[in-house]
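Below are the chains, spelled out letter by letter.
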Amino acid sequence: MIDKITVESGKTLEEKIYVCDECLTLLTLQGNLKNTFIVRIESREKIECNICGAEAKFVLSPFKRGIWVCQNCLEERGKKHVWMRLKIVNYSDKSKCDICLAEGAYLLIKES
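Keep in mind the model is a prediction, meaning the values are calculated, not measured. (Residues numbered from 1 in each chain as written. Predicted model: local features only at pLDDT ≥ 70, side-chain atom pairs only at ≥ 80, totals over all residues. Heavy atoms only, no water.)

Inspection of helix α1 (residues 21-30) places Cys 23, Leu 24 and Leu 27 among the buried residues, and these make up the whole buried set. Taken end-on, α1 shows its buried residues confined to a sector of 105 degrees, consistent with a single buried face. Among the structural elements, β1 (17-19), β2 (36-40) and β3 (58-62) are those in contact with the buried residues of α1. One or two positions beyond α1, positive phi appears at Gly 31, with a value near 80 degrees. (Buried < 20%, exposed > 50% of the residue type's maximum accessible area, 1.4 Å probe, protein only. Helix = DSSP H or I, 4+ residues; strand = E, 2+ residues; numbered from the N terminus. Arc of directions from axis to C-beta. Contact = heavy atoms within 4.5 Å.)

Structure follows, in structure tokens:
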């Protein structure tokens with residue numbers, strides 16, 4: 001039986017990673033997800049968890065990196081009110097959406 005949990009803080013993500021449910025929980029308990037986008041992915045391609053190799057369910061991207069989102073995900077994932085607090089800083093036909101891996105995406109960052 002566990003009678004004590006220690007949560008360490010101070011580490012934050014530097015790059016985008018894909019994670020499964022269990023690894024997301026682990027990273028959350030470790031305090032590593034402060035200032036991080038956490039978005040459920042929807043891709044036809046199987047994406048592996050960058051930590052354990054299981055099927056990934058979420059993309060994690062630090063606020064300072066931003067998140068690449070295609071037009072379809074912008075419209076289908078909560079319309080404008082979800083993305084309203086974010087600023088579009090770039091568009092690229094060659095960049096892949098972090099959510100669905102489609103080509104042609106906008107780079108969104110969180111305004112401070």
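Once the structure has been displayed, the description carries forward.
We note that Asn 35 has phi near 60 degrees; this positive angle belongs to a residue other than glycine. Topologically, Asn 35 is positioned in the loop between α1 and β2. Owing to a relative accessible area of 45%, Asn 35 belongs among the partly exposed residues under this scheme.

Quick look at the nonpolar core now. By size, the foremost hydrophobic cluster in this structure holds 18 residues, and its most contacted members are Tyr 18, Ile 67, Val 69, Trp 83, Ile 99 and Leu 108. Mapped by element, the contributors of at least two residues to this core are β2, β4 (67-69) and α2 (71-76). If we ignore the near neighbours within four places in the chain, the residues touching Leu 108 are Phe 37, Gly 66, Ile 67, Val 69, Leu 74, Trp 83, Leu 86, Lys 87 and Ile 88. Ranked by size, the runner-up nonpolar core spans 11 residues in total, among them Leu 13, Val 19, Leu 33 and Phe 58. (Core = buried A, V, L, I, M, F, W, Y, C linked by side-chain atoms within 4.5 Å.)

Function cannot be inferred from these measures alone, as they are strictly geometric.
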